[in-house]
Structure formats: structure tokens, C-alpha cells
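The residues making up each chain are set out below.
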Amino acid sequence: MSNSSSSISQFLLLAFADTRELQLLHFCLFLGIYLAALLGNGHIIITIACDHRLHTPMYFFLLNLSLLDLGCISTTVPKAMANSLWDTRAISYTGCVAQLFLFTFLFSTEYCLLTVMAYDRYVAICHPLHYGTLLGSRACVHMAAAAWASGFLNAVLHTANTFSLPLFQGNAVDQFFCEIPQILKLSCSDAYLVETGFILFNVCLDFGFFVFIVVSYVQIFRAVLRIPSQQGRHKAFSTCLPHLAVVSLFLISAVFANVKPPSISSLFLDLVVAFLYSVVPPAVNPFIYSMRNQELKDAMWKLRTRCL
């Protein structure tokens, strides 16, 4: 690690507001969003774990997704809340490294898992007779483990490379959490091109996953439209459309954040895009998945009535 990087003991995160009243408003807003994410994802995790009828591949992957969403939002939002509450912008160097690593790890794993979930829906609808063979318990565990391992490796590479760069542009990060593009702005060295190359490689890989998801859903929709009964089509769409909505929001905002041209970059736009891909999905995913899934809604209601 370079001397300029090791001499930095802390980073200064972006402040949402200068006045005390607006800082407290930001704290309350983020607290509400965070509690909604905790309750929504926690409810899904407990429901799937406790209801044996939901011990299927689709809900196994959904449980993993909820765990990842809880991890993602817990990596960024509590620190932003604490900074607003205590009127500070500081995050330690170690804390910034840990935050960037954990967010990259969980975020990368989530995208891999969303791709696996698209494959699950494709096999379930297009090849139902082979579903038990292709997506048995062992296969599901292996695919989920591969997603977590891929995210971990990706995070190690990006974190190690990002913080090995000489940081000559100070320690002010123009974001409410430690984000790779914002850390790269602090380096004026040509070495940042290596990390930029990593990001572009990741974008190409993500695009390949996205193409796989799109092709899968084209096949899924073709198969669904051939289902003779309206009830059957409705049930198939109810398990597919929420996943497609989550993938679209997740991917479009994340890719835009990393590859948008400098000519349209601004502090406000960067903040909005980061909020869209780091805070909104973990908070709204539970509602998207439970809103159209009658089986999950029934299991949640049964769990609530049992606890009351």
C-alpha cells in the first residue's frame, strides 16, 4: 500500500445537509427505510424457515436474497444515520475498507443469485418434468454457494486493488458510503486504470448475466402464453414478474452508477443513483415478492396469526 494511502487515517463521507433540522430529518427518513427493510426481509426469512411448504428451490433462493438485502442495507445505512445523528462525516480508514468490501461482496453475490433465480424460474416453467432433477437440494446448495463464493472473490479483488492506489486527492468521498468510483476519484495515478479495467470487465460479465436473464424470460413468457387456463398463466406470471422488476431496478441503477459518462456526472445525480441501487432494493424487494405471491402471503399471514 502506498505511503499516501497509509497516511490517511479516516475518510469524510458526503453530508446530506448542513442544518441540524435537515440532518435529523435525514436520520428519521433512513431509520424508517431501514426498519422497513429489517421487518420485511426478516419476515420473509422467518416465514420460509418455519413453513415446510416453502422448502422449495424458489423460496430457498428467496431466503438467500433476503439475507443479502439485509446485509447490503446494514452495511451502508446505519453509518449514514449515525453520522447525521452525531453531526459528523468521518469514517475510519479501516471502516471504509470494511464497508467497501462488504457492500461489494453482498452486492455481487446478489446479482449472481438473481441470475440463478432466473434459471430456476426458466426450468420450473419451461421444463417442469426435469425440475426435480435439475434443481434438487444438492444442486440448489451448490448454486447458492457458487454465488456467494463469486461475490467474495470479486470483493477481494476490487477492494485490494482500489486501496492499493495512491490517494493524492484528499480524503473527502462524494458519497454517503465508501463506493469504488468515488474512491477512484481520489487517485490521480494512472494505476486507477487497472481498477477501471476490472470494473469494465465486471460490467461485461454483468451484461452477459443480463442477456441470460432476458433470454430466459423470453422463453418463460412464450411458455406461459401457451398455458390454456387463465389461472395457470396468472400463477406463472405472479412468480416471474416480481423477479424481473427487482432485476431491472437493481441492474440499471448499478450499471449507470459505474459507467455513466463524466459529462453528465453531478453530486446530486451520483447520490440519487447510489440511493436507488443500495437502499431502495433491500427495502422494496420484500413487498415486490410478497405482493403478487399468494402462497407467500398466506404463509406470512399464518405465521402472524400463530404468533398473536
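Just so it is clear, the model here is predicted, and its values are computed rather than measured.

How each quantity is defined
Residue numbering note: each chain is counted from 1, following its sequence as written. Totals for whole chains, interfaces and linings use every residue, but because this is a predicted model, local features are given only for residues with pLDDT of at least 70 and side-chain atom pairs only at 80 or more, for both listing and counting. Where side-chain values are given, they derive from all heavy atoms of the structure, hydrogens and water being excluded. Think of it this way: a Phe, Tyr or Trp ring, Trp meaning its six-membered ring, pairs with another when their centres are within 6.5 Å, and the plane angle makes it stacked under 30 degrees, edge-to-face over 60, tilted otherwise. A run of DSSP states H or I qualifies as a helix once it reaches four residues; a run of E qualifies as a strand once it reaches two. Both are numbered from the N-terminal end. The buried label applies to any residue whose accessible area, calculated with a 1.4 Å probe on protein chains only, is under 20% of its type's maximum; exposed applies above 50%, and partly exposed to all values in between. Note on patches: the residues involved have over 30% relative accessible area and no salt bridge, like charges join within 9 Å, and the nonpolar side chains Val, Leu, Ile, Met, Phe, Trp and Tyr join within 5 Å. In these tables, accessible area is a Shrake-Rupley quantity obtained with a 1.4 Å probe, and a residue counts as shielded only by the protein chains included in the view. Throughout this description, the term salt bridge denotes a Lys or Arg side-chain nitrogen within 4 Å of a carboxyl oxygen of Asp or Glu. Here pLDDT means the predictor's own confidence in every residue, given as a number from 0 to 100.

This paragraph deals with the packing of aromatic side chains. As enumerated under the stated definition, the model contains 19 aromatic pairs in all. Look at Phe101 and Phe105: their rings are 6.1 Å apart centre to centre, the planes differ by 20°, and that puts the pair in the stacked class. Here Phe105 and Phe101 lie together in helix 4 (residues 93-126), a separation of 4 residues that amounts to about one turn. Arranged with centres 5.5 Å apart and planes meeting at 25°, the rings of Phe103 and Phe107 form a pair that is stacked. You can see Phe103 and its partner Phe107 sitting in helix 4, 4 residues apart, about one turn around the helix. By relative accessible area, which is 6% here, Phe103 ends up buried. Of the residues examined, Phe107 reaches a relative accessible area of 15% and is grouped as buried. Through successive ring pairs, a cluster of aromatic residues spans Phe16, Phe30, Phe103, Phe107, Phe176, Phe177, Phe275 and Tyr277.

Another point: a nonpolar patch on the surface. On the surface, a nonpolar cluster with roughly 280 Å² of combined accessible area is contributed by Leu35, Leu38 and Leu39. With relative accessibility at 42%, the residue Leu35 sits in the partly exposed group.

To continue, consider the environment of Leu85. Position of Leu85 relative to the elements: it lies in helix 3 (residues 57-85). Considered as a pair, Leu85 and Leu39 are 46 residues apart in the sequence and their alpha carbons are 22 Å apart.

Confidence along the protein chain averages 84 in pLDDT terms, with 91% of residues attaining 70 or more. Mean pLDDT per element in the protein chain: helix 1 (residues 3-6) is the minimum at 51, and helix 3 is the maximum at 94.

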